[in-house]
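# An overview of the molecular structure
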Amino acid sequence: MGNNLRQKMPVSERAKQFMPFAALKGLPEALAQVEQAHTATAQKELSEEMAAELNNSLLSLHPGCQATIRYYKAGHEQQITGIVTKLDTTFQYLLVDGTLRIAFNDLLQVEKM
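Summary of the structure given here. Bear in mind the structure is a predicted one, so any value in this text is a computation, not a measurement.

### Here we look at the overall build of the chain
For the chain, the helix and strand inventory stands at 3 helices and 5 strands. Counting from the amino terminus, the chain carries its helices and strands in the arrangement α-α-α-β-β-β-β-β. By its C-alpha atoms, the chain is 90 × 30 × 25 Å across when sized along the principal axes. Counting every position in the chain, which comprises 113 residues, the buried fraction comes to 22%. A fraction of 46% describes how many contacts in the chain between residues 6 or more apart in sequence connect residues 24 or more apart.

### Considerations on the layout of surface pockets
Reported here for the largest pocket is a volume of approximately 150 Å³. Every residue along the wall of the largest pocket is listed here: Gln 43, Lys 44, Leu 46, Ala 51, Leu 54, Asn 55, Leu 58, Phe 104, Asn 105, Leu 107 and Leu 108. When contributions to the lining of the largest pocket are tallied by element, the ones reaching two or more residues are α3 (48-60) and β5 (107-112). Ranked by residue count, the leading element in the lining of the largest pocket is α3, at 4 residues. Its residues assigned to classes, the lining of the largest pocket comprises 7 nonpolar, 3 polar and 1 charged.

### Remarks on the environment of Asp 106
Its location among the elements puts Asp 106 in the loop between β4 (100-103) and β5. For the pair Asp 106 and Lys 73, spaced 33 residues apart in sequence, the C-alpha separation works out to 7.1 Å. Apart from the residues within four sequence positions on either side, Asp 106 is in contact with Gln 43, Tyr 71 and Tyr 72.

Cut-off values and rules
Residues numbered from 1 in each chain as written. Predicted model: local features only at pLDDT ≥ 70, side-chain atom pairs only at ≥ 80, totals over all residues. Heavy atoms only, no water. Helix = DSSP H or I, 4+ residues; strand = E, 2+ residues; numbered from the N terminus. Buried < 20%, exposed > 50% of the residue type's maximum accessible area, 1.4 Å probe, protein only. Contact = heavy atoms within 4.5 Å. 1 Å grid on protein atoms, 1.4 Å probe; cavity = no way out; pocket = protein on both sides within 12 Å on 5 of 7 lines; lining within 4 Å. Points joined across faces, edges and corners; volume = space filled by probe spheres on them. Nonpolar A, V, L, I, M, F, W, Y, C, P; charged D, E, K, R; others polar.

This is the structure:
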C-alpha cells in the first residue's frame, strides 16, 4: 500500500510496553490498611497484679536506661527495645529513643535491661 508514515519503534522502547505497572495506584496500600483494620483487637485491661508490676517497672526506669516495652498502638500490640529518653509523670508518657512517645495507658509491660 505504499507510503508508511510511522517510523519503526526502537527495540529498547518496545520492551517498555510489556513492563508491569500498577493499574490502580495506591491499591496495595489501601489493601494493607483494610487488612490491618480487620486484624485490630481491643486493648486488654490489665489485672491489678499486672498493673502493680507495671507501676513498679516504671518506678525503676530513668532516662538513659535501656528497656523492652510492650505497648498497644492502633489495635495491635507492639514491642520495642530502646533507650528511655524521658519519663514524664505529669503528662503520663514515656519517650523512647527520642522519637517514640508511648502513653502510660497504652503500656502493657516494661522490662528494664
